[in-house]
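Okay, here's what each chain looks like letter by letter:
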Amino acid sequence: MKRGLVLEGGALRTIYSSGVCDGFLEAGLEFDYVVGVSAGIAYGVSFLSGQYGRNLEIVTRYANDKRYMSKRNMLRPGNRHCYFGLDFTYDEIPNKLVPFDYAAYDRWQGMAEAVVTDVETGKAAYFPVDREDKQFVLLRATCAMPLLFPIFDYRGVRCLDGGVADAIPWKRALEMGCEKVVVVLTREREYHRQPDQFLGLMRAVYRQYPRFLDTMERRVDLYEQSRRELFEAERQGKVLIYSPDSTQGFSRTERDVVKIHALWQQGLDHARERADETTAYLRE
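Because the structure is a prediction, the values reported are computed rather than measured.

(A) Seen up close, the pairing of strand β1 (residues 3-7). Summarising burial for β1: 4 of the 5 residues are buried, a large majority. Sheet analysis places β1 next to strand β7 (residues 180-184), joined by 5 bridges and oriented parallel. When the sheet's bridge partners are listed, Val-6 is paired in β7 with Val-183. Taken together, the 4 bridges between β1 and strand β2 (residues 33-37) define a ladder with parallel strand orientation. Bridging from a neighbouring strand, Leu-5 pairs with Val-34 of β2. Considered for its hand, the β-α-β crossover made up of β1, helix α1 (residues 15-27) and β2 is right-handed.

Okay, here's the thing in structure tokens:
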């Protein structure tokens, strides 16, 4: 029986998912396949390397560090007009400051995929997370929020944030043969996505990519439909869903360390409270 884990993105809101995954580590829960979007998989690899609390340490230590995220980064030479410090976030942190355990990740027997949006086609593309890539090129691409990141080239595909085309890739897990699927959302169940306020600016910036813009314009409908179908699959017992109680007042670029720690703790508490339920579901 193949067990899948699906991790929604959401920039720093994904610290909720880190709390859930740290709870999974406590309970000894394992998965054969993991697919994530944006920060979902960027944070998720720490679960696969078994590094409890690593994401919390990174975010609480560096959320207010301008090298990590700031408007100044968009003007810094070599940072490709990105709000996040690319080399600092995806090289200096994992390779020096808060080391990622590559050996442990390499020992994991499963398969991990990251979702990107192909700007040429406007469709989602799925790539295995390369265990040899110590610059995390794919993770940069999946996290590339429109307007805040540059377009990345990855294996011949011009990429932006996977959340544009497939924000909650639970159907991908089913396509990959998973019979049990746990989905970790970063928005509360009552949430409804609103139209992007910067869509007009995106039309100007990405005018050479009409199919990407078409997907952006349908993004709200795609997201809402995915969630409706996901909740119906839950009612049918096909998936198990985790979601935060509330993300109101929590920014995707949140800097308040108290809020960050509280959202992580909420995820950890949820995983602890539902450990027996989740274990039973995965073993049915």
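(B) View of the side chain of Thr-186. For Thr-186, the position within the fold is in the loop between β7 and α9 (199-205). Take Thr-186: its relative accessible area is 1%, and that puts it in the buried class. Within the local environment of Thr-186, its side chain forms a polar contact with the backbone oxygen of Gly-9, the two atoms lying 2.5 Å apart. Leaving out residues up to four positions away in the same chain, Thr-186 has contacts with Glu-8, Gly-9, Gly-10, Arg-13, Thr-14, Ser-17, Pro-244 and Thr-247.

(C) Structural context of the layout of surface pockets. A volume near 850 Å³ is recorded for the largest pocket. Lining the largest pocket are 33 residues; nearest its centre among them are Arg-13, Arg-193, Asp-196, Arg-219 and Arg-252. Those elements giving two or more residues to the lining of the largest pocket turn out to be α4 (71-75), α9 and α11 (219-235). Taken together, the residues of the lining of the largest pocket break down into 15 nonpolar, 9 polar and 9 charged. In this model, the second largest pocket occupies a volume close to 410 Å³. Around the second largest pocket, the lining is made up of 23 residues, and of these Tyr-126, Ala-165, Asp-166, Leu-222 and Ser-226 lie nearest the centre. Within the lining of the second largest pocket, the residues separate by chemical class into 10 nonpolar, 5 polar and 8 charged.

(D) Summary view of the side chain of Thr-247. By secondary structure assignment, the location of Thr-247 is in the loop between β8 (239-242) and α12 (257-273). Owing to a relative accessible area of 3%, Thr-247 belongs among the buried residues under this scheme. A polar side-chain atom of Thr-247 sits 2.6 Å from a polar atom in the side chain of Glu-188. Those residues in contact with Thr-247, other than ones at most four positions away along the chain, are Arg-13, Thr-186, Arg-187 and Glu-188.

(E) Fine view of the pairing of strand β3 (residues 111-118). The element β3 is largely enclosed, with a buried count of 7 among its 8 residues. Pairing geometry for β2 and β3, over 5 bridges, is parallel. Its bridge partner being in β3, Tyr-33 is matched across the sheet by Met-111. For β3 and strand β4 (residues 124-128), the ladder comprises 5 bridges, and the chain directions are antiparallel. Each bridged residue has a counterpart across the sheet, and for Val-116 the counterpart in β4 is Ala-125. Between β3 and the antiparallel strand that follows it, β4, lie 5 residues; Gly-122 among them carries a positive phi value of about 80°.

What counts and how
- Residues numbered from 1 in each chain as written.
- Predicted model: local features only at pLDDT ≥ 70, side-chain atom pairs only at ≥ 80, totals over all residues.
- Heavy atoms only, no water.
- Buried < 20%, exposed > 50% of the residue type's maximum accessible area, 1.4 Å probe, protein only.
- Helix = DSSP H or I, 4+ residues; strand = E, 2+ residues; numbered from the N terminus.
- Pairing = 2+ DSSP bridges.
- Right-handed = clockwise from strand over helix to strand, strands pointing away.
- Polar contact = N/O pair within 3.5 Å; in protein donor to acceptor, adjacent residues only side chain to side chain.
- Contact = heavy atoms within 4.5 Å.
- 1 Å grid on protein atoms, 1.4 Å probe; cavity = no way out; pocket = protein on both sides within 12 Å on 5 of 7 lines; lining within 4 Å.
- Points joined across faces, edges and corners; volume = space filled by probe spheres on them.
- Nonpolar A, V, L, I, M, F, W, Y, C, P; charged D, E, K, R; others polar.

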